[in-house]
Amino acid sequence: MKGFIHSYETCGAVDGPGVRFVVFTQGCPLRCKYCHNPDTWAPNKGQETTSEDLISKIERYKVFMNNTGGGLTVSGGEPLMQAEFVADLFKKAKEQNLHTALDTSGVSSPDRVKSVLEHTDLLLLDVKSTDPNMYKTLTGATIDYFHRILDLAEEKNVEIWLRLVVVPGFTDTLDEIEKINAIKRKYSNISKVELLPFHKMGEFKWAELGLKYELADTMEPELEVMNTLNNALSE
Ligand code: SF4
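These remarks concern the structure in this document.

About the cut-offs
Residues numbered from 1 in each chain as written. Predicted model: local features only at pLDDT ≥ 70, side-chain atom pairs only at ≥ 80, totals over all residues. Heavy atoms only, no water. Salt bridge = Lys/Arg side-chain N within 4 Å of Asp/Glu carboxyl O. Helix = DSSP H or I, 4+ residues; strand = E, 2+ residues; numbered from the N terminus. Buried < 20%, exposed > 50% of the residue type's maximum accessible area, 1.4 Å probe, protein only. Near = heavy atom within 4 Å. 1 Å grid on protein atoms, 1.4 Å probe; cavity = no way out; pocket = protein on both sides within 12 Å on 5 of 7 lines; lining within 4 Å. Sits in = over half its atoms within 2 Å of the grid points. Phe/Tyr/Trp six-rings, centres within 6.5 Å; stacked < 30°, edge-to-face > 60°. Pairing = 2+ DSSP bridges. Arc of directions from axis to C-beta. Contact = heavy atoms within 4.5 Å. Axes fitted to C-alpha atoms, helices over the stretch in contact; angles between N-to-C directions.

## Describing the pattern of salt bridges
Scanning the entire structure with this criterion turns up 15 salt bridges. Across the pair Glu48 and Lys2 runs a salt bridge whose closest N-O atoms are separated by 3.5 Å. One end of the pair, Glu48, is in strand 3 (residues 47-50); the other, Lys2, is in strand 1 (residues 2-12), and 46 residues separate them in sequence. The same class applies to Glu48 and to Lys2, which are both exposed. With a closest N to O distance of 3.3 Å, Arg163 and Glu194 form a salt bridge. Here Arg163 is found in strand 7 (residues 159-166), whereas its partner Glu194 is found in strand 8 (residues 190-197), with 31 residues between them in sequence. Residues Arg163 and Glu194 agree in their burial class; the two are buried. When salt bridges with common partners are traced through the structure, they connect Asp15, Asp103, Arg163, Lys192 and Glu194 into a single cluster.

## A look at the site of the ligand
Lining the immediate surroundings of the ligand are Cys28, Leu30, Arg31, Cys32, Cys35, Thr40, Trp41, Gly77 and Lys128. The cavity where the ligand resides is the largest pocket.

## Quick word on the packing of aromatic side chains
Here the structure, examined in full by the defined rule, presents 4 aromatic pairs. Ring centres of Tyr8 and Phe21 lie 5.3 Å apart, and the angle between their planes is 15°; this geometry places the pair in the stacked category. One end of the pair, Tyr8, is in strand 1; the other, Phe21, is in strand 2 (residues 20-25), and 13 residues separate them in sequence. Centroid distance Trp41 to Trp206: 5.3 Å. Interplanar angle 85°. Geometry classified as edge-to-face. With a gap of 165 residues between them, Trp41 in the loop between strand 2 and strand 3 and Trp206 in helix 8 (residues 203-208) connect regions that are remote in the sequence.

## A look at the pairing of strand 1
Here 4 bridges tie strand 1 to strand 3, and the two strands are oriented antiparallel to one another. Along strand 3, the bridge assignment pairs Lys2 with Thr50. Direction of pairing for strand 1 relative to strand 2: antiparallel, over a ladder of 5 bridges. Within the sheet, the bridge partner assigned to Gly12 lies in strand 2 and is Arg20.

## Description of helix 4 (residues 110-117)
Within helix 4 the residues assigned to the buried category are Val113, Val116 and Leu117. Across the axial projection of helix 4, the buried residues extend over an arc of 100°, all falling on one side. Along its buried surface, helix 4 packs onto helix 3 (83-95), strand 5 (99-104), strand 6 (122-126) and helix 6 (144-155).

## Side note on the sheet that holds strand 1
Taken in spatial order, the 8 strands make up an open sheet running 3-1-2-4-5-6-7-8, and their pairing is mixed. A strand with exactly one partner marks an edge of an open sheet, and here the two such strands are strand 3 and strand 8. On average, adjacent strands in this sheet sit at an angle of 30° to one another, irrespective of strand direction. Examined bridge by bridge, strand 2 and strand 4 (residues 71-75) share 5 bridges and lie parallel to one another. Paired with Val23 across the two strands is Val74, which belongs to strand 4. Lying over the sheet, helix 1 (residues 51-59) contacts strand 1, strand 2, strand 3 and strand 4, oriented at roughly 80° with respect to strand 3. Against the sheet, helix 3 contacts strand 1, strand 2, strand 3, strand 4 and strand 5, and its axis sits at roughly 160° relative to strand 5.

Now the structure itself:
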């Protein structure tokens with residue numbers, strides 16, 4: 001099946017357990033202020049590929065991935081924009097006995113979400129913010145999709161890691177952490193929460209695309225703040 005990807009990396013270590021083959025799909029409906037991959041936004045750009053071709057590449061790393069408890073991660077962009085392609089890729093990966101992880105914001109229709117979750121072992125779910133207004137401010141989208149994918153993943157008993165980018169002045173509050181703790185209490189399939197410090201490594205891409213980077217004056221969070229927030233996360 002045909003799909004459009006931005007790129008892939010063969011030895012990812014941060015997007016799921018173990019060593020990961022990470023595919024970054026092209027296309028995203030969100031416009032996160034801190035996005036470090038704005039070059040993935042436009043759909044039907046990037047490299048055209050097929051799930052068959054990708055699987056044959058991934059297979060070469062299979063022993064390495066399986067020995068480290070790793071597998072295939074699909075990230076983006078927003079992978080659910082090409083749900084059919086990702087579902088097919090994951091289905092083929094499962095046939096090869098590979099662990100599959102989906103890195104997503106959840107912004108898509110329920111049918112598309114379900115079709116991919118069917119073949120997903122781990123959901124790396126971006127929180128963005130637990131506050132509906134802040135979510136909208138940061139991403140331009142409604143928070144409803146986030147709540148819906150939580151329910152759909154629970155129905156299918158898919159393990160979830162929640163991930164929050166800590167952006168000073170936006171999501172660096174204890175209130176945000178308390179709300180995340182409450183979500184974790186509600187869903188027994190959430191096994192981990194990761195706090196990722198905001199960084200500006202993608203700022204130059206905004207400039208290259210002629211886009212205004214609104215967080216140019218925002219600093220990375222202090223280590224002390226990260227420690228405080230991490231300590232406030234419930235076990
Ligand atoms: S969801 Fe990801 S790729 Fe899309 S705008 Fe936000 S950070 Fe960028």
